[in-house]
Amino acid sequence: MKKILSSLVLFAYSMLYSQAPTIDNTFNPADNGTYQEYIGTDAVLVPNNKFLVRYSYYNSESSVKRINADGSFDTTFNSPSVYCEAIYAKSDGKFITLGGTTPLRSYFADGTEDTSFTSPTINYTNFGLIKLLYQEDGKIMIVGPFTQINGQNYRNIVRLNSNGSIDTSFNPGTGFSGSESYYYAESIARQNDGKYLVGGGFNTYNGITRNKIVRILENGNVDTTFNTAYILGTFGVLTGFDDEDRAEKIIIQPDNKILVQCTYRQSGNVVNYDLTRLNADGTRDGSFVNNYINNEFVTNFFLQNDGKIIVSTNKKLSRRNSNNSNDLTFTPNIYNYYNSDGIMIFTGSGDISQVYEVDGKLFMCGNRRESTGQSRIGIFKLNMDGTMDMSFNSSPSSNSLFCNDPNIPYRSLKNIVLSDGSILVLSNTLSTAHSDIPANQYIYKLNENGTLNTSFNLDSRITYDRYQFDLGNSLQIYQLNNGKIIIAQKYVEASLKVDNIDKKIIRINADGSLDETFNFQDFSNSFIELIVLNNDKLLVSSGTLLKRYNQDGTEDSNYQQPIFTGSIVKMVLRNNISPAMAQFF
């Protein structure tokens, strides 16, 4: 007998594992594997309009990947598994990574590491404050809040040879100093003649007064032909860059004029707020007008090929004309998110870390959500009028939330397969689109093939607490025989409401509208457990109480209530006929 049982067990085991499950590709046909919701961030343009990206997915993988112009991954690239803070590339595709256990790593264009490169030792750990300039000759300029390289004194600036050794032909002397805590150099650009423009919060370079910006010759000496005004008064700078600001970014225009992310004062008055343009000799360009909006400050800026300027502030993304006036032809459709204190924690394009103009489109590094719901994470593409180009990394399914709301620790979903094969999805985050079709619902329905069911629209009067991270346990969903759907609040924290009035149980029609014919008489207790009987009546427990309700939500007076000495914590329908209960004593 034991042999027979053993044979049956082995037969069942072999049958189970010989039928390996396969993916049903007819479900959600938009997700064909070409595009991924997350494709990395902080993209760097390399040859053939491809981009290198920093890729870090929930701490499970840190690497550098290469994506094609349409947002798909380039499978021909040898993706190095390395954590980094930033990537810097040359026009031939060779690149440097900054940060991690090894400060600098050098790679060939195909992604293989250049083992002839030896990383220097930098006496600073916050590599996010260090900036690099990767020259076409392979040399590397480094600026940031460090004081030593390989044990040698280099204050905030150093140049490396292509193999990682210090280039001693560049001598910065005593480097940078200043009166503020952020005196260090933090931005750098190189002119066509090889001279360097370096910005930061400093007041002097190699003992010579230079406020916030300095031009340095290729040998490390100050270029005395470039000088920006620096006139002090009793209470600070009268003329020149503001002493409470710093030159965080520098861009050199094709006409050799210089854009500087820093506030400039003239006779004590602010004449350029956060963004200033200098002439080639360092004097202020008076044709560059002031553009100030109350409570806004520039977080980044980028130069288009036509001379217009893309500006990212703490509140919006905009474009300005070459004289710094607003370009009204650029109207990005932006969704803003504010927390309960009125503080903005997400903006439609967030903080933009980089912009590239390629083939008449703007590739941007940051998060983006249209007011119509479509979104992209990490990298997105805009048309020149500011609208999002949906062809780039098209969304294969329901989009994720990226508002960084501290009250939502992670996304929580609860699904139920309905009798017609469609799927009802409850989410604690706003699913604003599915496969780039606007949804803007916390509860939505998918067709049997995984596409969005656009005929389902949840009644706007129905709400629940989306901050519930354990949504699967806080709400209960059941479909009735007539196709209508019961939504029940298991815990009071779920805060299920209609017209802002608390409800324990509601019923919706198949199209998402509220079923007004259902009028459940609520329990006063906070915890309820519910099962649906075969005749669509409801058996509802709360504490020691157990009641049965008719299909219209009224209490069934024919039901003889049993008496329990402990709270009912679980009910199941046994054999689809009689219920069984578990008590807590």
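Just so we're clear, the structure is a prediction, and the values are computed from it rather than from any experiment.

Draft legend 1. Structural detail: the overall build of the protein chain. If you tally the helices and strands in the protein chain, you get two helices and 48 strands. Sorting the 585 residues of the protein chain into buried and exposed places 49% on the buried side. Of all intrachain contacts in the protein chain linking residues separated by at least 6 positions in sequence, the fraction that spans at least 24 positions is 43%. If you sum the accessible surface of the protein chain, you get close to 27200 Å²; carbon and sulfur atoms cover 49% of it.

Draft legend 2. Summary view of the sheet that holds strand β17 (residues 213-216). The strand order across the open sheet built from three strands is β13-β14-β17, with neighbouring strands paired in antiparallel fashion. Each edge of the open sheet carries a strand with a single partner, namely β13 (185-190) and β17. Neighbouring strand axes in the sheet, compared pairwise and without regard to direction, differ in orientation by 25° on average. In the sheet, β13 pairs with strand β14 (residues 196-200) via five bridges, with the strands oriented antiparallel.

Draft legend 3. Quick look at the sheet that holds strand β1 (residues 41-46). Spatial strand order, β1-β2-β3: three strands in an open sheet with antiparallel pairing. The open sheet is flanked by β1 and β3 (62-67), the only strands paired with a single partner. The average undirected angle you get between the axes of adjacent strands in this sheet is 25°. Of the pairings in the sheet, the one linking β1 to strand β2 (residues 50-56) comprises four bridges and is antiparallel in character. Bridge pairing in β2 links Val46 to Lys50.

Draft legend 4. Representation of the confidence of the model for the protein chain in the model. The predicted model of the protein chain has a mean per-residue pLDDT of 83, with 80% of residues at 70 or higher. Counting contacts from residues 1-18, a segment whose pLDDT is below 50, to residues more than four positions away or on other chains yields zero contacts. Predicted confidence for residues 401-410 stays below pLDDT 50, and this span has 26 contacts to residues more than four positions away or in other chains.

Draft legend 5. View of the packing of aromatic side chains. Under the defined criterion, the tally for this structure stands at 13 aromatic pairs. When the ring of Phe77 is compared with that of Phe95, the centres are 6.2 Å apart and the planes differ by 40°; the resulting orientation is tilted. Taken together, the residues span a long stretch of sequence, with Phe77 in the loop between β3 and β4 (86-89) and Phe95 in strand β5 (residues 95-98) at a distance of 18 residues. With respect to class, Phe77 is no different from Phe95; both count as buried. Ring-pair connections join several aromatic residues into one group, and the members of that group are Phe51, Tyr356, Phe363 and Phe392. When the ring centre of Phe73 is taken as origin, the NZ or CZ atom of Lys65, which lies over that ring, is 5.5 Å away.

Draft legend 6. Quick look at the nonpolar core. With 21 residues, the main nonpolar core has Phe51, Leu52, Val64, Ile67, Ile87, Phe95 and Ile379 as its most contacted residues. Every element with two or more residues in this core is listed here: β1, β2, β3, β30 (354-358) and β31 (361-365). In contact with Ile87, other than residues within four places in its own chain, are Val44, Leu52, Val53, Arg54, Val64, Phe95 and Ile96. Core analysis: the second largest hydrophobic core is formed by 19 residues, Ile96, Leu98, Ile142 and Ile166 among them.

Definitions and cut-offs
Residues numbered from 1 in each chain as written. Predicted model: local features only at pLDDT ≥ 70, side-chain atom pairs only at ≥ 80, totals over all residues. Heavy atoms only, no water. Helix = DSSP H or I, 4+ residues; strand = E, 2+ residues; numbered from the N terminus. Buried < 20%, exposed > 50% of the residue type's maximum accessible area, 1.4 Å probe, protein only. Contact = heavy atoms within 4.5 Å. Areas by Shrake-Rupley, 256 points an atom, 1.4 Å probe, with all protein chains shown as cover. Pairing = 2+ DSSP bridges. Axes fitted to C-alpha atoms, helices over the stretch in contact; angles between N-to-C directions. pLDDT = per-residue confidence, 0-100. Phe/Tyr/Trp six-rings, centres within 6.5 Å; stacked < 30°, edge-to-face > 60°. Lys NZ or Arg CZ within 6 Å of the ring centre and 35° of its normal. Core = buried A, V, L, I, M, F, W, Y, C linked by side-chain atoms within 4.5 Å.

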